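Observations on chain architecture
Now for the letters of each chain:
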Amino acid sequence: MSDHKPSGITRWIFTTNHKDIGTLYLWFAFIMFFVGGSMAMVIRAELLQPGMQVVDPLFFNSMTTMHGLIMVFGAVMPAMVGFANWMVPMMIGAPDMALPRMNNWSFWILPFAGTMLVSTLFMEGGGPAFGWTFYAPLSTTFAPQSTDFFIFAVHLLGFSSIMGAINIIATILNMRAPGMTLMKMPLFVWTWLITAFLLIAVMPVLAGAVTMMLTDRNFGTSFFDAAGGGDPVLFQHVFWFFGHPEVYIMILPSFGIVSQIIPTFARKQLFGYASMVYATAAIAFLSFIVWAHHMFTVGMPVAGELYFTYATVMIAVPTAVKVFNWTATMWKGSMTFETPMLWAVGFVFLFTVGGFTGLMMGVAPADFQYHDTYFIVAHFHYVLVPGAVFAIIGGIYYWIPKWTGNMYDEKLGKLHFWLSAISVNILFFPQHFIGLAGMPRRIPDYAVQFSEFNFMSSIGGFVFGATQLLFLYIVIKCIRGGEKATDQVWDNPEGLEWTIPSPAPYHTFETAPQIK
Amino acid sequence: MSTQSGGYYLPAPSHWPIVGSIGLFIMLFGFASALPGTSDGEMGNMTMMYIGMAIVAFMLFGWFGQVIGESESGKYNAQVDTSFRMSMVWFIFSEVMFFAAFFGALFYARQLSVPWLSGEGNNAMTNALLWKGYAGDWPTNGPASVGGKFEIMSAYGIPLWNTIILLTSGLTVTWAHWGLKKDNRGQLIMGLFLTVALGAVFVALQAYEYIHAYNDLNLKLTSGIYGSTFFMLTGFHGLHVTIGAIMLLVMLFRSMKGHFTAKNHFAFEAAAWYWHFVDVVWLGLFIFVYWLV
């Protein structure tokens, strides 16, 4: 088979090639990262000083809502699926994904879902303004008309995720090259196998939650209405049964990426490979039985509070296994700090900060103080920004030479890292303090005692946001040219993807490699 | 351009997915535009939604038609077959989780929220101050008696018949499968015909039951949490029976056209799995929605 590529726009619209689809996912995620990011800039501009300055409160609430939804469903998840598309077939020695046409559909639903989601901002009554968790009755009785469009956007995102996950599972279980046993798979493949299982298990539950919202809003059902025997708290249970595994859906592939990067630049094998696999599975299992720790203050029975506290802090065990394994991998390694490694090490440090605050909030009596404050905002941004986003950026620097055939600009890459790492801490660390002092989340105005830390946080936010434009420049520059990458790219890295030419040919592993 | 790579069939670029995306978008955008946004409003103009549905149907015909053509021309090897099987299993698992959300809502209401409204646990003041005198007996339309007094659907009338019908259809589809495996076309076609017919009778009886509920029992979708869970669970189940019956109908037509061999008939098995799945969901419904009230 020749390395024939179809040309023009139809190449991208009709494509069944995992590399094309991976590229589409990554660009979609990148665009949505900037859309969601600009909403974050609006939020930080409003919070720069106390009082109302930039936007009206309803629009502010729309911004926090849409920022969260877009970053979760539009940026982080599609970026991870983009990595899966590009890397999983190359890592397991498969010619493509198991179901290439469905792979195309999984992607091409996303721009339509994104359009429907963002279009709500321009509708009468404004966009959804009830927070990304869309609790009833804010999202049922008191929500704007545009909420129904939001509901269907979530349905579409769910179709996309479920089809994508099914494809990934079928690919990993059925398409491995001869000799690639499960316990020989790169850890990134393992984390995605488990993530795909989580997606199939919980996206339908989210679809159920928004369907109940839809009928409560339009057809007179009483799922979330106490007058009819329902309960608004039921919404929270159903939502968080989805929502907690969802956060692992975003972080497990990040663990996978970091577990690929660190051994390469420590020039050692990953320490404790098997324990990494089991820890990932344990985290996934625990994610199904801890959901109510998001709702400690709704008035659960004490037995519930206790159970969810104990179950939650158990997650610290497998997570610590991972952090210790990364550290042990670096121990006495011949370390170098190329850009991907900087992001990976930054991930290990800063994700762990977010992990520790998570442990604090997992304890119910302590959580009563933190609930719905900026401490929560600081926590989940630490695990998502210097957590998931750092892993994504690190992964892009790690594999972009393989994708484009060119090396990125190392100097600019390092600059990008240091600017991001410093500004992200200025952005989110002060939020711990104002949260502990009692500043609630999702408000456009605040008491003057919180002014200094909010000011710092906003400045950090603007710098972090602007720095990502540098990233866009670096990526475009790398695509357009630069020093030619070798096939191995790095110093003797492990993995099948480094045995093929750079840039990776349009079709790879048409004849399966033999794994020893 | 289709490629045969190491035996694994890699399809050429396809326009069906984008047609499907456009269809879904128009359908859902149209539906959302027509929705009243309040529980007592009227539906608006649904034309856009129907156009979207037509596009989705067109895509399904075209895409499945192409896949059937590829399958019959022998392009798929055993590995492709395994991919299909895994995908169908995980798709059914995702459907199970969708129903789990609604069953979860039912159990939560029955075991927790309704008793709490009547003052159980640490909720004595909720009852005393907000819903005085509400006893919380199931079935209920809530302390405000939303939708007015209603009667429940007896388990021993149509629901019991429907249970028997679905269980029988599970047998007939297996009988059809046996026919296919021993190359007995007549048994295959007869088995499928009986299964589809039983499915149609099930749906018809379900429709009759709904009319009965609305006209005679005052049991409606708006009858509080009982009506909500009753109609949403049985309604989504009925929708899935309809989808499963359409799948089996396609298998019937394909069997009549001579498709499938005794060894190679994934599509038939996928439809049969789906049929057993709706069967099992029905047993859950019969027990927890109709029987244990």
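Residues numbered from 1 in each chain as written. Chains lettered and ligands numbered in written order. Predicted model: local features only at pLDDT ≥ 70, side-chain atom pairs only at ≥ 80, totals over all residues. Heavy atoms only, no water.

Thoughts on the overall build of chain A
Rules: By definition, any uninterrupted DSSP run of H or I lasting at least four residues is a helix, any uninterrupted run of E lasting at least two residues is a strand, and each is numbered from the N terminus. It is over C-alpha atoms that the radius of gyration is taken, and the globule rule equals 2.2 Å times the number of residues to the power 0.38. Only protein chains enter the area calculation, which uses a 1.4 Å probe; residues under 20% of their type maximum are buried, those over 50% are exposed, and those in between are partly exposed.
Summing up its helical and strand segments, chain A has 15 helices and 0 strands in all. For 516 residues, the compact-globule formula gives about 24 Å, and the C-alpha radius of gyration of chain A, at 22 Å, lands near that figure. For chain A, the spread of C-alpha atoms along the three principal axes comes to 65 × 45 × 45 Å. Counting all 516 residues of chain A, 66% fall into the buried class.

Examining the nonpolar core
Worth spelling out the cut-off: As used here, the term nonpolar core means buried Ala, Val, Leu, Ile, Met, Phe, Trp, Tyr and Cys residues forming a set that is joined through side-chain atoms within 4.5 Å. Note that the domain bounds reflect an automated or database-derived domain assignment. We call two residues contacting when some pair of their heavy atoms lies within 4.5 Å.
One finds F134 and W326 of chain A together with F268 of chain B to be the most contacted residues of the largest nonpolar core, which totals 274 residues. For this core, the domains that each give at least three residues are domain 1 (12-67) and domain 2 (82-103 + 151-291) of chain B. Not counting residues within four places of it along the chain, the set of residues in contact with F134 of chain A comprises L69, S139, F150, L206, V210, M213, F235 and F239 of chain A.

Remarks on helix α3 (residues 78-117) of chain B
All names here are of chain B. Spelled out, the test is: Given the number of residues in a helix, its expected span is that number minus one, multiplied by 1.5 Å. The reported bend at a residue is simply the angle between two axes, fitted to the 7 residues ending at it and to the 7 residues beginning with it.
With 40 residues, α3 should reach 58 Å at 1.5 Å per residue; the first-to-last C-alpha distance of 57 Å fits that figure. Of all the bends found along α3, the most pronounced is centred on A109 and spans about 50°. G119, located one to two residues past α3, shows a positive phi value of around 105°.

Some words on the environment of V389 of chain A
Residue and element names in this part refer to chain A. Structurally, the position occupied by V389 is in helix α13 (residues 374-404). A sequence separation of 138 residues divides V389 from I251, and the C-alpha atoms of the two residues are 9.3 Å apart. If sequence neighbours within four positions are ignored, V389 has contacts with F33, V76 and L384.

Describing the confidence of the model for chain B
All names here are of chain B. Basically, it comes down to this: Each residue carries a pLDDT value, the predictor's own confidence for that position, ranging from 0 to 100.
For chain B, the average pLDDT comes to 95, and 98% of its residues sit at 70 or higher. When mean pLDDT is taken per element in chain B, helix α7 (residues 224-256) scores highest with 98 and strand β1 (residues 3-5) scores lowest with 46. Counted against residues more than four places away or in other chains, residues 1-5, with its pLDDT under 50, gives 14 contacts.

Quick notes on the interface of chain B and chain A
We apply this condition: When two parts are brought into contact, each loses some accessible area as probed by a 1.4 Å sphere; the total of that loss over both is the buried area. Salt bridges are identified by distance alone: a Lys or Arg side-chain nitrogen within 4 Å of an Asp or Glu carboxyl oxygen.
Each partner contributes residues to the interface: chain B has 72 residues there, and chain A has 68 residues. Here chain B packs against chain A, burying approximately 5900 Å² in sum over the two surfaces, 75% of which is carbon and sulfur. Its largest share of buried area at the contact with chain A, chain B owes to F25, W90 and Y108 of chain B, together 10% of the area lost on that side. Taken together, the connections running from chain B to chain A amount to 1 salt bridge.

Side note on the packing of helix α4 (residues 100-119) of chain A against helix α5 (residues 147-174) of chain A
All names here are of chain A. Here is the rule: Helix axes are fitted only over the stretch in contact, all axes being lines through C-alpha atoms; the angle between N-to-C directions runs from 0 to 180 degrees. Throughout this description, any angle smaller than 35 degrees is read as roughly parallel, any larger than 145 degrees as roughly antiparallel, any in the 65 to 115 degree range as roughly perpendicular, and the remainder as oblique. Helix crossings are classified by the rotation of the near helix relative to the far one: an anticlockwise turn of less than a right angle makes the crossing left-handed, while a clockwise turn makes it right-handed. Throughout this entry, Asp, Glu, Lys and Arg are counted as charged residues, while Ala, Val, Leu, Ile, Met, Phe, Trp, Tyr, Cys and Pro are counted as nonpolar. The remaining residues, Gly among them, count as polar.
Closest axis-to-axis distance for the α4/α5 pair is 8 Å, and the angle between their directions is 160°. The pairing of α4 with α5 is recorded here as roughly antiparallel in orientation. When you trace α4 past α5, the crossing you get is left-handed. Residues M102, N103, W105, S106, I109, L110, A113, M116 and L117 of α4 form the contact with α5, whose own contacting residues are F149, F150, F152, A153, L156, L157, F159, S160, M163, G164, I166 and N167. Class assignment for the residues of the contact of α4 with α5 results in 16 nonpolar, 5 polar and no charged.

Things to note about the pattern of salt bridges
Evaluation of the coordinates by the stated rule reveals 10 salt bridges over all chains. E70 of chain B is the salt-bridge partner of R101 of chain A, the closest N and O atoms lying 2.8 Å from each other. On the criterion of chain membership, the pair formed by R101 of chain A in helix α4 and E70 of chain B in helix α2 (residues 47-72) is interchain, its members lying in two chains. Each member of the pair, R101 of chain A as well as E70 of chain B, is classed as buried. D409 of chain A is paired through a salt bridge with K477 of chain A; the nearest N and O atoms lie 2.6 Å apart. Linking D409 of chain A in the loop between α13 and α14 (410-436) with K477 of chain A in helix α15 (residues 451-480), this pair joins segments that are 68 residues apart in sequence. When its relative accessible area of 24% is taken as the criterion, D409 of chain A is described as partly exposed. One continuous salt-bridge network, built from bridges that share partners, spans D81, R85 and E269 of chain B.

Let's talk about the packing of α7 of chain B against helix α8 (residues 266-291) of chain B
Residue and element names in this part refer to chain B. As a packed pair, α7 and α8 sit with axes 9 Å apart at the nearest point and diverge in direction by 160°. Taken together, the axes of α7 and α8 are roughly antiparallel relative to one another. Two packed elements cross with a definite hand, and for α7 against α8 that hand is left-handed. Taken together, the residues of the contact of α7 with α8 sort by class into 22 nonpolar, 4 polar and 1 charged.

Notes on unusual backbone geometry
Residues and elements named next belong to chain A. Cis geometry is found at the peptide bond from A136 to P137, where omega equals 0°. If you trace the backbone, P137 turns up in the loop between α4 and α5. Of note, the amide linkage connecting S502 to P503 takes the cis form, showing an omega dihedral of -10°. Inspection of the secondary structure puts P503 in the segment after α15.

With respect to a nonpolar patch on the surface
Residues and elements named next belong to chain B. Threshold: Patch membership needs two things, relative accessible area over 30% and no salt bridge, and members are linked within 9 Å if like-charged or within 5 Å if nonpolar (Val, Leu, Ile, Met, Phe, Trp, Tyr). Note on areas: Shrake-Rupley with a 1.4 Å probe; residue coverage comes only from the protein chains shown.
Together, F107, Y156, L160, W161, I164, I287, F288, W291 and L292 make up an exposed nonpolar region whose accessible area comes to about 880 Å². Among the secondary structure elements, those contributing two or more residues to the nonpolar patch are α5 (158-181) and α8. In this fold, L160 is placed in helix α5. Since its relative accessible area comes to 31%, L160 is described here as partly exposed.

Focus: the side chain of S118 of chain B
Residue and element names in this part refer to chain B. Filter applied, for reference: Residues adjacent in sequence count toward polar contacts only when both atoms are side-chain atoms; beyond that, a polar contact is any pair of N or O atoms within 3.5 Å, and within protein one must be able to donate a hydrogen and the other to accept it.
Mapped onto the fold, S118 is located in the loop between α3 and α4 (124-130). At 2.7 Å, the side chain of S118 forms a polar contact with the backbone oxygen of P115. The contact partners of S118, leaving out residues within four places of it in the chain, are N127, Y134, A135 and G136.

Some thoughts on the side chain of Q187 of chain B
Residues and elements named next belong to chain B. Assignment of secondary structure puts Q187 in helix α6 (residues 185-217). Here W175 takes part through its backbone oxygen, which lies 2.9 Å from a polar atom of the side chain of Q187. Discounting residues that sit within four places of it in the chain, Q187 has contacts with W175, A176, W178, G179 and K182.

Quick look at the environment of I479 of chain A
Residues and elements named next belong to chain A. Inspection of the secondary structure puts I479 in helix α15. In the structure, I479 is positioned 75 residues away from T404 in sequence and 5.7 Å away in space, judged by C-alpha atoms. Not counting residues up to four positions away in its chain, the partners in contact with I479 are W27, T404 and N406.

Brief notes about the packing of aromatic side chains
Keep this limit in mind: Whether two aromatic rings pair depends on their centres lying within 6.5 Å, for rings of Phe, Tyr and Trp, where Trp uses its six-membered ring; planes under 30 degrees apart make the pair stacked, over 60 edge-to-face, and the rest tilted.
Counted according to the given criterion, the structure contains 88 aromatic pairs over all chains. An angle of 85° between the planes, with centres 6.0 Å apart, marks the rings of F28 of chain A and F107 of chain A as edge-to-face. Taken together, the residues F28 of chain A in helix α2 (residues 18-47) and F107 of chain A in helix α4 connect sequence positions 79 residues apart. Per residue, the accessibility class of F28 of chain A equals that of F107 of chain A, and both read buried. Considering the side-chain rings of Y76 of chain B and F84 of chain B, the 5.2 Å spacing of their centres and the 80° angle between planes classify their relative orientation as edge-to-face. Since its relative accessible area comes to 16%, Y76 of chain B is described here as buried.

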